[in-house]
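What the coordinates show
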Amino acid sequence: MRCEAMAISSRVVIPLKITLIILTTTLIFSPSSVLSYGPTPKKFKKIYAFGDSYTDTGNTHSSTGPSSFNYVSSPPYGNTFFHHPTNRYSDGRLVIDFVAESLSLPLLPPYKDSKADKTYGVNFAVAGSTAIRHRFFVRNNLTLNVTPQSLQTQLVWFNRFLESQGCENSATTPRQCGAVFSDALVWVGQIGANDYAYSFASTISPNTIQRLATRSVTGFLEVLLNKGAKYVVVQGLPPTGCLTLSMYLAPETDRDGMGCVGSVNKQSYLHNTIIQAKLDSFRKQFPQAVIVYADHWNAYSTIVRGANKYGFKEVFKSCCGSGGGNLNFDVFNTCGSPNARSCPDPSQYINWDGVHLTEAMYKTMASMFLNGTFCKPPFSYLLAKKQ
C-alpha cells in the first residue's frame, strides 16, 4: 500500500470517515527468510506489479511524492536492508520484494527507470496513486491529491510495455501475449486507500468514492484478464484505521475492538468485500486464469491482535517521526524531515513513518500470504496450477 500524505493546516480532531492513505510495497527475501521455498524449480520468469506506495519500488521520489511524506529519497528510508534510500516508503523491503525472492527472481525495477533490466518483470506501482482517475479529484477541487498518476496511468504504462512486446490482446495477438503472460505473475497490490484519503472531509460522499474506486479496480483487472493474464494476485486494503495517521486524526471515541479507528476500518473492509465478490465473478468469466485474493485486512488484523506473538512491541506508534508520546507522529515533521528521528530497532514496530510499514511488518505479511492461510485460494494452489 504508498499512503499519501495529507496537507493539514492544524491538528484538528475531525471525525474520520475515510480510509487514510496507504501506499506501497515490494520486497525480497534473504536466504534465511521464512518465505524461502528451497531449491524448487522456478515457477515464474517474471512479475508485473501495480499499486500504490505499499508496492512502489522507485517510481516516486521526494520531489514527486505526496505532500508531508516527501522525504522518501532521504535517510533513514532504506536503512535496515539497503543501507541507503531506494525510494521505497519503508526502512527496507516491501511485500513485493519478498514475493520476488520467494520465486527466486531479482527485485522488480520501477517502470520509470529507463536503464533498468526489465527481463524479469516491471513494477508500475506509484506512491500516491489512486484507483479513480486524477481528473476526478481536480474537477471536484480535492487538492490533497497532488499525485497525477492513477491506476489508469499504470495501465497506460503497461500498454506501452506490451506494445513493445507486440502484444495487443489475447484475441488479436495470441502468440505475443502468450509470451508475455504465460510465465508471468501479475501482482496487483493495494490500491484505493488514497481515494478515500483525498476526499476526506469533502462534499463527496464516501459511498461515491467507494463505488468509483471499486469499479476502477475491477475494470482494471478485467482489462488485464482480457489481455491474457493467467496468474493474478489481488491484494486488498488493510485495516487503514490502524495506521498512525488515522489514530492521530480521529477522535478517541471512534475506536473498534482492536483499538483502531472503527469508521475507517469498516470502510476498507466493505471496499474489500465488493472486490472479492467481483473476483468470484471473474473466476467464472475467465476459467483459464488463476485469480487469488490476498487478504490484507485479516492478515494485518491478526498481527495487531497478536503483536507480541509476531515480535512487535509497538502497534500504533511510528518508528520514524517526531513528537514522542503514544504515536510519535507530527504531520508537519514526518520521517526524513530535520526534526524527525528513527527508533533504534524498527523490527519491533508495525508502523514506520505514520502511514507506511516497517520491513519487519511487510515480511510478516508476505509470509502470511505466501505460506499461510491469508490467500484465497492459497498461494500454493496458484503455484501448483502453474503449467
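First, a word on scope: everything that follows refers to the structure included in this document. (Residues numbered from 1 in each chain as written. Predicted model: local features only at pLDDT ≥ 70, side-chain atom pairs only at ≥ 80, totals over all residues. Heavy atoms only, no water.)

The subject of this paragraph is the state of the cysteines. Scanning the entire structure with this criterion turns up four disulfides. Note that cysteine 167 is cross-linked by a disulfide to cysteine 177, the S-S spacing being 2.0 Å. Since a negative S-S torsion denotes a left-handed disulfide, the cysteine 167-cysteine 177 link at about 100 degrees is right-handed. A residue pair is termed long-range when its members are at least 10 positions apart, and cysteine 167 in the loop between α3 (151-164) and α4 (174-181) and cysteine 177 in helix α4 qualify at ten residues. Neither residue differs from the other here; cysteine 167 and cysteine 177 are each classed as buried. One disulfide in the model links cysteine 242 with cysteine 260; its S-S distance is 2.0 Å. Taking the sign of the S-S torsion, 95 degrees for the link of cysteine 242 and cysteine 260, the bridge is right-handed. Pair noted here: cysteine 242 is in the loop between β4 (231-235) and α7 (244-249) and cysteine 260 is in the loop between α7 and α8 (262-285), with a separation of 18 residues, a long-range link. (Disulfide = S-S within 2.5 Å. Helix = DSSP H or I, 4+ residues; strand = E, 2+ residues; numbered from the N terminus. Buried < 20%, exposed > 50% of the residue type's maximum accessible area, 1.4 Å probe, protein only.)

Before going further, it helps to examine the sheet that holds strand β3 (residues 184-188). Each strand in a sheet pairs with another by means of backbone hydrogen bonds, the pair being arranged parallel or else antiparallel. Pairing is mixed in the open sheet, where six strands are placed in the order β2-β1-β3-β4-β5-β10. Looking at the sheet topology across the chains shown, the edges are occupied by β2 (121-123) and β10 (375-376). Bridge count between strand β1 (residues 46-50) and β3: five bridges; the pairing is parallel. Paired with phenylalanine 50 across the bridge in β3 is valine 188. Along the sheet, helix α6 (residues 206-227) makes contact with β1, β3, β4 and β5 (290-294), crossing β3 at roughly 175 degrees. Contacts from α8 reach β4, β5 and β10, with the element oriented near 165 degrees to β5. (Pairing = 2+ DSSP bridges. Contact = heavy atoms within 4.5 Å. Axes fitted to C-alpha atoms, helices over the stretch in contact; angles between N-to-C directions.)

On to the nonpolar core. Within the largest apolar cluster, 69 residues are counted, with the highest numbers of intra-cluster contacts made by Ile47, Leu185, Trp187 and Leu382. When residues of this core are assigned to their parent elements, the largest contribution, seven residues, is made by helix α10 (residues 359-370). With residues up to four places along the chain from it excluded, the contact list for leucine 185 reads Phe44, Lys46, Ile47, Tyr48, Val99, Leu103, Tyr231, Val233, Phe379 and Leu382. Judged by nonpolar contacts, the second largest core, of 48 residues, contains Phe137, Cys177, Tyr196 and Ile275. (Core = buried A, V, L, I, M, F, W, Y, C linked by side-chain atoms within 4.5 Å.)

Counted by the stated rule, this structure contains 24 aromatic pairs. Aromatic pair phenylalanine 124 and phenylalanine 161: ring centres 6.4 Å apart, planes at 70 degrees, arrangement edge-to-face. A residue pair is termed long-range when its members are at least 10 positions apart, and phenylalanine 124 in the loop between β2 and α2 (134-139) and phenylalanine 161 in helix α3 qualify at 37 residues. Given a relative accessible area of 0%, phenylalanine 124 falls into the buried group. Taken together, the ring pairs connect Tyr48, Phe50, Tyr111, Phe124, Trp157, Phe158, Phe161, Phe181 and Phe220 into an aromatic cluster. For arginine 93, the ring lying beneath its charged end belongs to phenylalanine 81, and the centroid distance is 3.9 Å. In this arrangement the basic side chain of lysine 386 is found over the ring face of phenylalanine 44, its NZ or CZ atom lying 5.7 Å from the centre. (Phe/Tyr/Trp six-rings, centres within 6.5 Å; stacked < 30°, edge-to-face > 60°. Lys NZ or Arg CZ within 6 Å of the ring centre and 35° of its normal.)

Here the focus is the pattern of salt bridges. Within the structure shown, the criterion is met by six salt bridges. The residue lysine 386 makes a salt bridge to aspartate 183 at a minimum N-O spacing of 2.8 Å. Placement of the pair is lysine 386 in the segment after α11 (379-385) and aspartate 183 in the loop between α4 and β3, with a sequence separation of 203 residues. Aspartate 183 sits in the partly exposed class, given a relative accessible area of 22%. Three or more residues are tied together by salt bridges with common partners; here these are Lys45, Asp183 and Lys386. (Salt bridge = Lys/Arg side-chain N within 4 Å of Asp/Glu carboxyl O.)

Let's shift gears to unusual backbone geometry. Of note, the bond from proline 75 into proline 76 is cis; its omega dihedral lies within 30 degrees of zero at 10 degrees. Residue placement: proline 76 occurs in the loop between β1 and α1 (95-102). Cis peptide bonds are those with omega within 30 degrees of zero, and the linkage from lysine 376 to proline 377 qualifies with -10 degrees. Tracing the backbone through its elements, the reader meets proline 377 in the loop between β10 and α11. You will see that histidine 83, though not glycine, has its phi angle at about 65 degrees, which is positive.

It is worth spelling out α4 at this point. Structural remark: α-helix, 3.6 residues per turn; residues separated by three or four positions point the same way. Taken together, the buried positions of α4 are occupied by Cys177, Val180 and Phe181. Looking down the long axis of α4, one finds its buried residues gathered within 80 degrees of arc, a one-sided arrangement. Exposed residues lying more than 90 degrees from the buried face of α4 are Arg175 and Ala179. Lining the buried residues of α4 we find β1, α3, β3, α6 and β4. (Arc of directions from axis to C-beta.)

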